[in-house]
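# Secondary and tertiary structure notes
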Amino acid sequence: MKQHIDTSLLDRAITFAVKAHQGMERKGKGFPYIVHPMEAVCIVATMTNDQELLAAAALHDVIEDTDTTADDLKKEFGERVAMLVEAESDDKTGGSKAETWHQRKQDTLDRLRNADLDIKIVALGDKLSNMRAIAHDYAVLGDELWNRFTVKDPAEHAWRYHALAEALNDLSDTDAYKEFHTLVNKTFGTLS
């Protein structure tokens with residue numbers, strides 16, 4: 001007999017994310033942006049079946065990349081989902097994206113190091129999806145890849161992803177983390 005789980009929250013989150021990201025393209029990829037959040041959901045599903053974490057994975061970029069606010073998410077999906085998405089969002093305030101990139105990434109790392117496991121699970125879904133794309137594109141494009149990004153220095157990306165691996169180390173027993181760590185080392189080299 002098949003076991004049925006209530007996926008209504010996740011279903012609504014996916015629909016919301018599809019609408020929020022409508023017309024957006026994944027940077028330099030030529031396919032709809034929504035593919036990335038859906039991959040993040042698949043990764044999170046390897047670590048948990050918690051529907052709020054899966055919903056947060058689907059929605060993880062809507063505050064950062066669309067006009068959606070945390071209040072919108074609270075009304076639609078509840079306090080916990082909104083908090084999880086907010087924790088995964090860069091602060092939009094300050095100067096240009098290039099000028100504030102390092103500080104925004106440092107702030108995210110500082111928050112992530114002390115975050116609870118739920119936040120780290122959603123973050124790992126996002127970061128592993130990103131790292132898969134970077135590793136694939138680096139193998140194809142080499143250093144030309146970095147021109148696609150706001151910050152073009154590969155050393156900055158290496159710093160960030162090695163620091164993310166350290167911050168997410170609480171999940172080191174998961175297959176998702178092991179894959180992330182392997183891809184970071186393969187793409188950026190190992191730290192001595």
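Every value quoted in this text rests on a predicted model; they were computed, and no experiment measured them.

## Brief notes about the overall build of the chain
Looking only at helices and strands, the chain features 10 helices and 0 strands. Starting at the N terminus and ending at the C terminus, the chain contains elements arranged as α-α-α-α-α-α-α-α-α-α. The buried share of the chain, reckoned over its 192 residues, is 47%. Sequence separation of 24 or more characterises 70% of the internal contacts of the chain that already satisfy a separation of 6 or more. Working note: accessible area of the chain is about 10,000 Å², and carbon and sulfur atoms make up 51% of it. Positive and negative side-chain charges of the chain, numbering 23 and 34 respectively, have mean locations separated by a distance of 3 Å.

## Things to note about the pattern of salt bridges
Scanning the model with the defined rule gives 13 salt bridges in all. In this structure, Glu-76 and Arg-12 form a salt bridge, with 3.6 Å as the shortest nitrogen-oxygen distance. Separated by 64 residues along the polypeptide, Glu-76 in helix H5 (residues 70–77) and Arg-12 in helix H1 (residues 8–20) bring together distant segments of the chain. Each of Asp-50, Glu-52, Arg-80 and Asp-118 takes part in a single network of salt bridges with overlapping partners.

## Here's the deal with the confidence of the model for the chain
Taken residue by residue, the chain gives an average pLDDT of 93. The fraction at 70 or more is 96%. Helix H7 (residues 97–113) is the least confidently modelled element of the chain, averaging 88 in pLDDT, while helix H3 (residues 51–59) averages 98, the highest of any element.

## Structural notes on empty space enclosed by the protein
If a probe as big as a water molecule is rolled over the atoms, it shows which places are left empty. Across all of its chains, the model carries 1 cavity of 30 Å³ or more by this definition. The volume enclosed by the largest cavity comes to roughly 30 Å³. Lining the largest cavity, in full, are Lys-105, Thr-108, Leu-109, Lys-127, Arg-160 and Leu-164. Secondary structure elements with two or more residues in the lining of the largest cavity: H7 and helix H9 (154–167). The dominant element in the lining of the largest cavity, judged by the number of residues it contributes, is H7, at 3 residues.

Cut-offs and rules
Residues numbered from 1 in each chain as written. Predicted model: local features only at pLDDT ≥ 70, side-chain atom pairs only at ≥ 80, totals over all residues. Heavy atoms only, no water. Helix = DSSP H or I, 4+ residues; strand = E, 2+ residues; numbered from the N terminus. Buried < 20%, exposed > 50% of the residue type's maximum accessible area, 1.4 Å probe, protein only. Contact = heavy atoms within 4.5 Å. Areas by Shrake-Rupley, 256 points an atom, 1.4 Å probe, with all protein chains shown as cover. Lys, Arg positive; Asp, Glu negative; His and termini not counted. Charge placed at Lys NZ, Arg CZ, Asp CG, Glu CD. Salt bridge = Lys/Arg side-chain N within 4 Å of Asp/Glu carboxyl O. pLDDT = per-residue confidence, 0-100. 1 Å grid on protein atoms, 1.4 Å probe; cavity = no way out; pocket = protein on both sides within 12 Å on 5 of 7 lines; lining within 4 Å. Points joined across faces, edges and corners; volume = space filled by probe spheres on them.

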